[in-house]
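The residues making up each chain are set out below.
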Amino acid sequence: MENEAKPLRDFFDSLNKAIVHLVNNQVENLSEMMPSLNDLSELDSVEVTEPQETQTYLKCNKPSGQVSSQNGSKVLAFLMRNAFVVFTMVAVASGIGLGFALRHINMSAKDVSYLTFPGELLMRILQMLVLPLIISSVIAGMSSVDRTAHGKIGLRAFSYYMVTTLIAAFTGIALAVLMQPGKSSRTASVSSSGNAEAVQIVDSFLDLIRNMNPSNLVEACFRKYKTVYSRSVTATSEKNDTVPGPGTLDGVNILGLLVFSVAFGLILGKMENEAKPLRDFFDSLNKAIVHLVNIVIWYSPVGILFLLAGQIVKMTDTGEIGREVAMYALTVTAGLLIHSLLTLPLIYFMVTRKNPFRFMLSLLQALTTAFGTSSSSATLPVTLYCMEENHNMDKQVTRFMLPIGATMNMDGAALYEAVAALFIAQINNMEFNLGQIIALSFVVTAASTGAAGIPQAGMVSMLIVLESAGLPTEDISLLMMVDWILDRLRTTTNVLGDCVGVSVVQHLSTHELQRSSPADKSLVEESSQF
């Protein structure tokens, strides 16, 4: 559109420069306040230090009441920052205690259903938000992809995100299949014959393709395709033949909605100004749903308390369940360590031919902040500082990839959700065939990519995965027993994946960055002066 769009381009160019100035001022202030590597645990409570003589004088002459009040205020500030984690841990402990206390009472199934009603209400609210969250987040994200502005850099970034997320999902699936965290002596495996399994694998692949192309979008919101079998006797054969036929299964067709949303979002992005009203609508809808999820999440400790109590009351062997949950946490932790210390460093070394662990050592500030806040978005300023100041990364790459990666690149979440889905399937004695596992990997990749970079947002995406796999959603309460620590570990993995992606894409895009436009070069030089 050239001349017609010149006012808009000038406006956004000025806005971009203003935002760059503001971000650099924040980064400069952050660099002055940044603690040393030995004080990383106190990153959230950075204070301006005073001269040694003044500190000594104040310590000697400060009243004891003032010291105790300051200590109390620090404890209160810590609890306020971590209020949700505290509430969740209290709810888990209370739910376990309530469940064991009620086990001595012979509660009927009706009484247990009444006990778990607050948890059932939480599941229904989250299930209500799943459909608008999927559609709005995917369409808004795909429509905002500017392929012409970044060209090959954007394509490499998107490819890196998809490849690493798929690798993380398959790592989690492989560990869950090998370690069998949900299998124990009390569960009897159900085996099927080889012929039936072969037919089921073929039909599961065909069902996967059929569900990716739903015939009715409205029906896809509450029903999905599933092959059913019938017996028929042919004229040439006396034995019964198993004939596959069309059938349906209750539940949201996540794959079909994802495929349509991705295609629709890319078309909206290609239409530019013509589709601006629709892009603004889905962007606003996505923000509204995220705000609504943030409100609903605060009710989750109450629901988790009663769901967990009900699960413990229904357990026949609580010790075995405890060992299975511990084995599940060990499986997720092992997968995150493999992805963080083997997969990502290997990708970094293969592309850049540099020492990956020296690179990771300079990211300790960002990684500890991610562990402390359990939020990729909250860690973004520290991540920008580490990549631009410690590693001298090009601002064109960091300012483009890191904000997108904070909400899109969720390697840790993909691995966690894959293990969790198979864990719940194993404790419910449900066998997954090869086709279902491949379908699960794609669903996990899409669900984790659309997850917001906020604490406990993985609960919503986990619900999407369980529903798409046909698994009972009430068993999510078992995951909440250890989710408070696993959430921090997978957030740390997410941030590490973002940083490795920036280095890989910058190394592969050296020629494009050298041939960048004069306007981009002047913008980088101007921002570096601040």
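Owing to the predicted nature of the structure, the values given are computational and were not obtained by experimental measurement.

Peer 1: Go over the environment of G497, please, and point to the residues and values.
Peer 2: Relative to the helices and strands, G497 resides in helix α23 (residues 483-508). A relative accessible area of 0% means that G497 is categorised as buried. When sequence neighbours within four positions are dropped, the list of residues in contact with G497 reads Y160, L344, N409 and D411.

Peer 1: Before we move on, could you go through the pattern of salt bridges and cite the residues and values that matter?
Peer 2: One pass over the structure, following the stated rule, counts five salt bridges. With a shortest N-O distance of 3.5 Å, K287 and D283 are connected by a salt bridge. Of this pair, K287 and D283 both sit in helix α12 (residues 276-297), separated by four residues, roughly a single helical turn. Residue R490 is joined to D483 by a salt bridge in which the shortest nitrogen-to-oxygen separation is 3.1 Å. Among the residues examined, D483 registers a relative accessible area of 3% and is labelled buried.

Peer 1: Outline the nonpolar core, listing residues and values.
Peer 2: Counting residues in hydrophobic clusters, the biggest one holds 68 residues, and the most contacted among them are Y328, M462, V465 and L479. The element best represented in this core is helix α19 (residues 411-427), accounting for twelve residues. With residues near it in sequence (within four places) discarded, L479 still touches Y328, Y416, A420, F423, I424 and M462. Core analysis: the second largest hydrophobic core is formed by 32 residues, I347, F400, V500 and L513 among them.

Peer 1: Any details on the packing of aromatic side chains? Residues and values, ideally.
Peer 2: In this structure the tally under the stated criterion is seven aromatic pairs. Aromatic side chains F281 and F282 sit 5.1 Å apart centroid to centroid with 70 degrees between the ring planes, which places their arrangement in the edge-to-face category. Classification of F282 by relative accessible area gives buried; the value is 10%. Seen from their ring centres, Y348 and F359 are 4.7 Å apart, and the 20 degrees between their planes marks the pair as stacked. Of this pair, Y348 sits in helix α14 (residues 318-352) while F359 sits in helix α15 (residues 356-361), and the two are eleven residues apart along the sequence. F359 matches Y348 in its accessibility class, with the two residues each being buried. Ring pairs connect the aromatic residues F260, F264, F281 and F282, which therefore count as one cluster. Here the guanidinium or amino end of R353 rests over the ring plane of F349, the centre of that ring lying 5.6 Å away.

Peer 1: I'd like a description of the side chain of N211, backed by residues and values.
Peer 2: Summarising the element assignment, N211 is placed in helix α9 (residues 194-212). Relative accessible area serves as the criterion here: at 11%, N211 is assigned to the buried category. Of note is the side chain of N211, whose polar atom sits 2.8 Å from the backbone nitrogen of Y225. Excluding residues within four positions of it along the chain, N211 makes contact with K224, Y225, N253, L255 and G256.

Peer 1: Give me the confidence of the model for the protein: which residues, what numbers.
Peer 2: Looking at the protein as a whole, its pLDDT mean stands at 75, while 73% of the residues score no less than 70. Note on residues 33-60: pLDDT is under 50 here. Beyond four places in sequence and across chains, it has 21 contacts. Of the regions scoring below 50 in pLDDT, residues 517-530 engages in 17 contacts with residues more than four places distant in sequence or in other chains.

Peer 1: Describe empty space enclosed by the protein, and please don't skip the residues or the numbers.
Peer 2: Taken as a whole and assessed by the stated rule, the structure comprises two cavities of 30 Å³ or more. As a volume, the second largest cavity reaches approximately 30 Å³. Around the second largest cavity, the lining residues are S376, L380, T383, L402, A406, V495 and D498. Looking at the lining of the second largest cavity, the elements with two or more residues in it are α17 (380-390), α18 (395-408) and α23. Among the residues making up the lining of the second largest cavity, the classes are represented as four nonpolar, two polar and one charged.

Peer 1: How would you sum up a nonpolar patch on the surface? Please name residues and give values.
Peer 2: Among the surface-exposed residues, V75, F78 and L79 lie close enough to one another that they form a single nonpolar patch of about 270 Å² accessible area. Tracing the chain through its elements places V75 in helix α3 (residues 64-81). Relative accessible area serves as the criterion here: at 49%, V75 is assigned to the partly exposed category.

Peer 1: Report on the packing of helix α16 (residues 364-373) against α23, specifying residues and quantitative values.
Peer 2: Helix-helix packing is characterised by the crossing angle of the two axes and by the distance between the axes. Look at α16 against α23: their axes get within 7 Å of each other, and the N-to-C directions meet at 150 degrees. Relative to α23, the element α16 lies roughly antiparallel. When the axes of α16 and α23 are compared, the crossing they make is right-handed. Listed contacts from α23 to A366, L367, A370, F371, G372 and T373 of α16 are I485, R488, L489, T491, T492, V495 and L496. A class-by-class count of the residues in the contact of α16 with α23 yields eight nonpolar, four polar and one charged.

Peer 1: Lay out α17 in plain terms, naming residues and giving numbers.
Peer 2: For α17, every residue scored as buried is listed here: V382, T383, L384, Y385, C386, M387 and E388. Once α17 ends, the next one or two residues include N392, with phi positive near 55 degrees.

Peer 1: Describe α12, naming the residues involved and giving the relevant values.
Peer 2: Taking 1.5 Å per residue, 22 residues should reach 32 Å; α12 reaches 31 Å between its end C-alpha atoms and fits that length. Looking only at α12, the buried set comprises R279, F282, N286, I289, V293, V296 and I297. One side of α12 holds all its buried residues, which, seen down the axis, span an arc of 115 degrees. Turned more than 90 degrees away from the buried face of α12, the exposed residues are P277, H291 and I295.

The rules behind each value
- Residues numbered from 1 in each chain as written.
- Predicted model: local features only at pLDDT ≥ 70, side-chain atom pairs only at ≥ 80, totals over all residues.
- Heavy atoms only, no water.
- Helix = DSSP H or I, 4+ residues; strand = E, 2+ residues; numbered from the N terminus.
- Buried < 20%, exposed > 50% of the residue type's maximum accessible area, 1.4 Å probe, protein only.
- Contact = heavy atoms within 4.5 Å.
- Salt bridge = Lys/Arg side-chain N within 4 Å of Asp/Glu carboxyl O.
- Core = buried A, V, L, I, M, F, W, Y, C linked by side-chain atoms within 4.5 Å.
- Phe/Tyr/Trp six-rings, centres within 6.5 Å; stacked < 30°, edge-to-face > 60°.
- Lys NZ or Arg CZ within 6 Å of the ring centre and 35° of its normal.
- Polar contact = N/O pair within 3.5 Å; in protein donor to acceptor, adjacent residues only side chain to side chain.
- pLDDT = per-residue confidence, 0-100.
- 1 Å grid on protein atoms, 1.4 Å probe; cavity = no way out; pocket = protein on both sides within 12 Å on 5 of 7 lines; lining within 4 Å.
- Points joined across faces, edges and corners; volume = space filled by probe spheres on them.
- Nonpolar A, V, L, I, M, F, W, Y, C, P; charged D, E, K, R; others polar.
- Patch = residues over 30% accessible without salt bridge, like charges linked within 9 Å, V, L, I, M, F, W, Y side chains within 5 Å.
- Areas by Shrake-Rupley, 256 points an atom, 1.4 Å probe, with all protein chains shown as cover.
- Axes fitted to C-alpha atoms, helices over the stretch in contact; angles between N-to-C directions.
- Parallel < 35°, antiparallel > 145°, perpendicular 65-115°, else oblique.
- Left-handed = near helix turned anticlockwise from the far one by under 90°.
- Expected span 1.5 Å × (residues − 1).
- Arc of directions from axis to C-beta.

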